[in-house]
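Here's the letter readout for the chains.
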Amino acid sequence: MVGNEIVVPMDDKAKRMRDLLSSFYSLDPSISNTTSKHASLDDINSTSFDPDQYMNILAHKSNLEGLLQRHVAMAAEIKNLDTDLQMLVYENYNKFISATDTIKRMKSNISGMETNMEQLLEKIMSVQSRSDSVNTSLFDKREHIEKLHRTCNLLRKVQFIYDLPDRLGKCIKSEAYADAVRFYIGAMPIFKAYGDSSFRECKQASEEAIAIVVKNLQGKLFSDSESIQVRADAAVLLKQLDFPVNNLKAKLFEKLEQSISDIQLNPEEINKASGEHSAHEAAIHEFVEAVRAFRVIFPDSEEQLVKLAQDLVTKNFVITEEYVKTRISPEELLGVLRAIWNDVLLIDEVLQEAALSNHSLEAAKVAVTSFVRSTFSHLLQDISDSLLQILKKDGAEQCTLDVVLDASTKAVLQGGLNVLLDFRKVLDDDSGILVRLRELITDWVQEGLQDFFRQLEDQFLLFSGRNNSSIQVHALAEGAQGYKAFAGLVLVLAQLSVFIEQTVIPKVTEEIAASFSGGSVRGYESGPAFVPGEICRKFRSAGEKFLHLYVNMRTQRVSLLLKKRFTTPNWVKHKEPRDVHMFVDLFLQELEVIVNEVKQTLPQGRRKHHRTDSNGSSVSSRSNPLREEKLGRSNTQRARSQLFETHLAKLFKQKVEIFTKVEYTQESVVTTIVKLGLKSLQEFVRLQTFNRSGFQQIQLDIQFLRIPLREIVEDEAAIDFLLDEVGKILLSI
């Protein structure tokens, strides 16, 4: 209270409102003059603000929508300022009322205070007089007691000096060197004052004992069997005895460096001893205490200790980087990182200058990145192993295509989701070192996933032989069994590519959006780290390539069979046919293998172009075609006439579409292979010259093929057309 005015301390909110209003209305001229020099033309809070110029600039820089937004913002600011001003007035009014009430209460309470103060003063004077009389009466006795107390302390010190040699001897026997040094240092002032007269013998005996202590401490200091902490304590005690220990710095630091090699990070041991006091933790505690003692002994050793601590952390992260290259769980990785982070926190307590948290952060980036890459690499290996079961030749039965396809789809889908779940565990860990890496881990996972699918596509291309023709050559060299296994692998790759595009990528994209969105490493100009659209296009294209490769491989197999059939015999001297040739059975067996493969891998489609056998071109046994051919023999003129009529009728027939796009269905693949095989058959027939018997043999074989081929293809019209074309070629020869 100053005079009749009461100074009420201003609270934070009032100060904030006062500053806000002051800055808005520019109440301080000095502030206004200072800010006006540097205010821009569009600074609405400056004293030199020009509304017209401000509006011109605003209209020039902003469009209509921007002006409307600026209008709404300014209206909101004005409303907020008015509301804050009103609230400030209300609050000040309440404070004025409270101050008035306080003054009234003080006036009512102060009326009887002067009488009470006079009574209190009288009592204080009475107590003071009585205290002075007591002190005067007890002064002589107090002086005598203090004199006796000083004499007792002196006798106690004298007794301590006489007992010091025995005390030091007992300390040497029990190796209590710290107590011995403390006792001797305490007696040093007396020895310096009276050591050459009254306490000469005690001083001499004590110096002999302390020499033994110094010798024993030196032995501990240079003993390899003693721990770093014991050697550091010995150095501290020697330094207290004024022993020159600076010349021992190099040897002590060499011992400290050797102890670093003994602190070997063992990830397996750390994970087994989770929750317990591991040997590694005990070694780190010993190292920390040694560093603390070393800094006390040698204050100028900071730079050397910093490098030593950084080397220790770097070595532990190098071990961790090698450890994560093996197949480990996220829990095992987290256990090792927590152990290293605890080491960093312990060392930081005694050596903050090392900045190990930042140093370990850079090393942790390398370790976690290696873990992400290693995890995706192991997933890629699992998928490859599941696919290569088709090519195994270790004496066991080869896995069927449906089993391999099922195992591969599970390895891709479930394996990919499990990998993302493992990364989620790492991302959600609350240890200090991983919290600072969360955004980076998100980017690393997305980039790793993108690279994983690219590598998976390359692996598929490698398995199919498109990137390595030696694989395909090796499969052909293995014979029919090796070729069959290789063709089956290509078909599985085609269906697996479709599964990745249609099922795996959408599910992985959902998981990425739910758990790994964000990130900070890649800028907006670089785009997102994981691009599902690009991956889908890659596997869509790869699936089509694999499907066409399978069709081409099987078609080549059929063509080799047909080539062998038509190039081996002498058709000019061919004997009269007695039955369907054996190549027909081989051809149908090859088609049966193809049908079996596609049934195990591809879905079933809808058959198209069905028609009845009313045209009379079908047969029921091998004997019927032979009988019909024998009855239908005619001369060359009749054959030429029939050929002319056939070509004439062909002009009026509906055009049959032979080659269509191959789809991922059983019927489409089988039909395409059959069509290509029959086209090869046409070309081989066109290149040969037949006698009558050869002509009849080919007609018999083709007629027999009609019914079996109709049963396995979806486009019967195209098959009939191609078989008829073979017959026309025969008639034209």
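The model shown is predicted, which means the values in this text are computed figures rather than measured ones. (Residues numbered from 1 in each chain as written. Predicted model: local features only at pLDDT ≥ 70, side-chain atom pairs only at ≥ 80, totals over all residues. Heavy atoms only, no water.)

Another point: the confidence of the model for the protein chain. Atom-level detail of predicted coordinates should not be read off regions where pLDDT is low. Residues at a pLDDT of 70 or more form 78% of the protein chain, whose mean pLDDT is 76. For the protein chain, the element scoring lowest by mean pLDDT is helix α22 (residues 623–631), at 38; helix α15 (residues 401–428) scores highest, at 89. In this model residues 27–38 is a low-confidence stretch, pLDDT under 50, and it forms five contacts with partners more than four residues away in sequence or in other chains. Taken together, the stretch residues 647–655 has pLDDT below 50 and engages in three contacts with residues farther than four places along the chain or on a different chain. (pLDDT = per-residue confidence, 0-100. Helix = DSSP H or I, 4+ residues; strand = E, 2+ residues; numbered from the N terminus. Contact = heavy atoms within 4.5 Å.)

Further remarks concern the pattern of salt bridges. Tallied over the full model, the rule gives 16 salt bridges. Across the pair R424 and D428 runs a salt bridge whose closest N-O atoms are separated by 3.0 Å. Taken as a pair, R424 and D428 lie in helix α15 at a separation of four residues, close to a single helical turn. Here D428 falls in the partly exposed class, since its relative accessible area comes to 44%. A salt bridge links E534 to R454; its shortest N-O distance comes to 3.4 Å. One end of the pair, E534, is in helix α20 (residues 532–567); the other, R454, is in helix α17 (residues 438–464), and 80 residues separate them in sequence. Judged by relative accessible area, which is 21%, E534 ranks as partly exposed. Through salt bridges with shared partners, one network takes in R554, R557, E590 and E597. (Salt bridge = Lys/Arg side-chain N within 4 Å of Asp/Glu carboxyl O. Buried < 20%, exposed > 50% of the residue type's maximum accessible area, 1.4 Å probe, protein only.)

Where helix α9 (residues 249–262) contacts helix α12 (residues 302–324), the two axes come as close as 10 Å, and the packing angle between them is 10°. The angle between α9 and α12 falls in the class roughly parallel. Facing K249, F253, L256, E257, I260 and S261 of α9, the residues of α12 in contact are Q304, L305, L308, L312 and K315. (Axes fitted to C-alpha atoms, helices over the stretch in contact; angles between N-to-C directions. Parallel < 35°, antiparallel > 145°, perpendicular 65-115°, else oblique.)

This next bit is on the packing of helix α13 (residues 330–350) against α15. Look at α13 against α15: their axes get within 9 Å of each other, and the N-to-C directions meet at 25°. It follows from the interaxial angle that α13 and α15 lie roughly parallel. Every pair of crossing elements has a handedness; the one defined by α13 and α15 is right-handed. For the pair formed by α13 and α15, the contact residues are P330, E331, L333 and L334 on the first element and D422, K425 and V426 on the second. (Left-handed = near helix turned anticlockwise from the far one by under 90°.)

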